[in-house]
Each structure stands twice: as structure tokens, then as C-alpha cells.
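The residues making up each chain are set out below.
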Amino acid sequence: MYDSDIISGIRTALAPLGCNITLRVISNPLTPLGLSMIECVEDIAGCNKHLAVILESSEVKNEIRIMRDSLPTGITFRCAPTGNFLAPFLQALLNAAGEGLILDEGLLKEAAAISGPKHLHTCVGARNAAGPRIVQIIDEITLSNPMITNTVVEASELMKCSCLHTAKGNASHAEPIVALDNRVICDGCESAADLIRILQSC
């Protein structure tokens, strides 16, 4: 799936991975997306001995669930880890293993105290440079709180929410990055502290 240069980059990026991460792929291999997910995940798993793959067939789902020590992390990708989604996917694997975290202890404690359940959808949009950083913040919030899940989706899926109002009450015209219950709660402008406050108030 990936060329040799990308494989080399993936191997380097995942070098710090020090615990067992399982990639559970639930997909329809007869669809282009399902097949792409399987090929990508198998290539990525071959780059680090701590990665394992579980394949499950589905007629309706195409998603990759990230698990640590056989337990769900709450992070799911409903897109193949290619293009804009490759770096966030690799970062999610590292974060699931406790590597490369950017939230400090105080913010993680606040995130852990957010009431739930909350099921978030995030996207790395080509039109929003802040996307990867925001997705990483949401991933870290998810990893700190078992009542929160994060599903990373294609821009077209998240854009369905863009005509709705934001959690702040303003119309959202920017490419949305985080949605909760069909409401855009972040268009890429918020800091980690702001995102936590927004989730606390939702």
C-alpha cells in the first residue's frame, strides 16, 4: 500500500512504541475503503513488533479500533490512514502507548473529570491546518476518560454538521474539526484548555 519511503518514515515514527497495541479492523474488504484499511493497517503493523492486527468482516462497517493490551482505548478511525490521516493515526498509536503526549498533568486531570458519556467525531481537514493538533488533543482527552470516545472521520462526514450551530451559539462557517451530538464544538481555533471547558459545559 505504502511506498518504501513512507514505510521507512512509519518505522521511524513508531520506534518509541513500547507496549502492545492491537488494531481491530472491522471492514468490508469488497469495498475500496475496507480494502484500503486492511492493506494500510497490515503495512503499519509490520513496522513495529508491538503492533498486532485483528480482522473482522462486516457488510456495513469500515473502521479501525485502537486497543491497548486488548482493551479498547475509545479511539476509532472510520477512514484509511493515508494522506492527511496518516500522521494523526500514527500519533494516536503513540498516545495510546503513553508516548508523545502534549497535555500537562493538570489538563489531564480536568479531562478525566468531564462527565459523560460523550461521543465525539473529529476530522483532519485539508482546509484547516490546526486539524492534527486538535485531533491529538481530543485523543488524549479520550484516553484519560473512559466516558469519552473519539471517532476520526472523513471531512465529508463531519461537514454534515457544518451548517448547524456551534456549541457557542454561532453559525459555523469554517471546516469543522470536532462535533458532539451533531453540533460543531470546534473549528480549529480552540486551545486544549478551551476544548476541555467546552466539553465540561456540554
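**Q** Which residues make up the sheet that holds strand 1 (residues 21–27), and what values do they have?
**A** With mixed pairing, the eight strands of this open sheet are ordered in space as 2-1-3-4-6-5-7-8. With partners counted over all chains shown, the strands left at the sheet margins are strand 2 (51–57) and strand 8 (183–186), one partner each. The average angle at which neighbouring strand axes cross in this sheet is 30 degrees, direction not considered. Sheet topology places strand 7 (residues 178–180) next to strand 8; three bridges connect them, and they run antiparallel.

**Q** Talk me through the nonpolar core; I want residue IDs and the actual numbers.
**A** Ranked by internal contacts, the top residues of the largest apolar core, which has 36 residues, are Ile21, Ile44, Ile66, Phe77 and Leu93. When residues in this core are grouped by element, the largest group, seven residues, is from helix 3 (residues 86–96). Residues contacting isoleucine 66, with those up to four places away along its chain left out, are Ile21, Thr22, Leu23, Pro72, Thr73, Ile75, Phe77, Phe89, Ala92, Leu93 and Ala96.

**Q** Which residues make up the side chain of aspartate 139, and what values go with them?
**A** As for its position among the elements, aspartate 139 is in helix 5 (residues 131–144). The buried charged residue aspartate 139 lacks any salt bridge partner; its closest oppositely charged side chain belongs to arginine 133, at an N-O distance of 13 Å. Apart from the residues lying within four places of it in its own chain, the contact partners of aspartate 139 are Ile75, Ala92, Asn95 and Asn150.

**Q** Would you mind going over the environment of aspartate 43 in detail, with residue names and values included?
**A** Among the structural elements, aspartate 43 can be located in helix 2 (residues 32–45). In the structure, aspartate 43 is positioned 33 residues away from isoleucine 10 in sequence and 9.3 Å away in space, judged by C-alpha atoms. For aspartate 43, the contacting residues outside a window of four places in its chain are Met1, Tyr2 and Ile7.

**Q** Describe the packing of aromatic side chains, listing the residues and the values that go with them.
**A** Both the distance between ring centres and the angle between the ring planes are used here to describe each pair of aromatic rings. With the rule as written, the count across this model stands at one aromatic pair. Their ring planes at 80 degrees and their centres at 4.9 Å tell us that phenylalanine 77 and phenylalanine 89 sit as a pair that is edge-to-face. Of this pair, phenylalanine 77 sits in strand 4 (residues 71–77) while phenylalanine 89 sits in helix 3, placing them 12 residues apart in sequence. Side by side, phenylalanine 77 and phenylalanine 89 carry an identical accessibility label, which is buried.

**Q** Help me get a handle on the pairing of strand 3 (residues 63–68), residues and values and all.
**A** Here strand 1 pairs with strand 3 via six bridges, running antiparallel. Residue pairing across strands places leucine 23 opposite isoleucine 66, the latter belonging to strand 3. Bridging between strand 3 and strand 4 involves four bridges; their strand directions are antiparallel. Following the sheet pairing, arginine 65 is matched in strand 4 by threonine 76. Hairpin geometry of strand 3 and strand 4 is characterised by an intervening segment of two residues between the two adjacent antiparallel strands and by a positive phi of about 50 degrees at aspartate 69.

What counts and what doesn't
Residues numbered from 1 in each chain as written. Predicted model: local features only at pLDDT ≥ 70, side-chain atom pairs only at ≥ 80, totals over all residues. Heavy atoms only, no water. Pairing = 2+ DSSP bridges. Helix = DSSP H or I, 4+ residues; strand = E, 2+ residues; numbered from the N terminus. Axes fitted to C-alpha atoms, helices over the stretch in contact; angles between N-to-C directions. Core = buried A, V, L, I, M, F, W, Y, C linked by side-chain atoms within 4.5 Å. Buried < 20%, exposed > 50% of the residue type's maximum accessible area, 1.4 Å probe, protein only. Contact = heavy atoms within 4.5 Å. Lys, Arg positive; Asp, Glu negative; His and termini not counted. Salt bridge = Lys/Arg side-chain N within 4 Å of Asp/Glu carboxyl O. Phe/Tyr/Trp six-rings, centres within 6.5 Å; stacked < 30°, edge-to-face > 60°.

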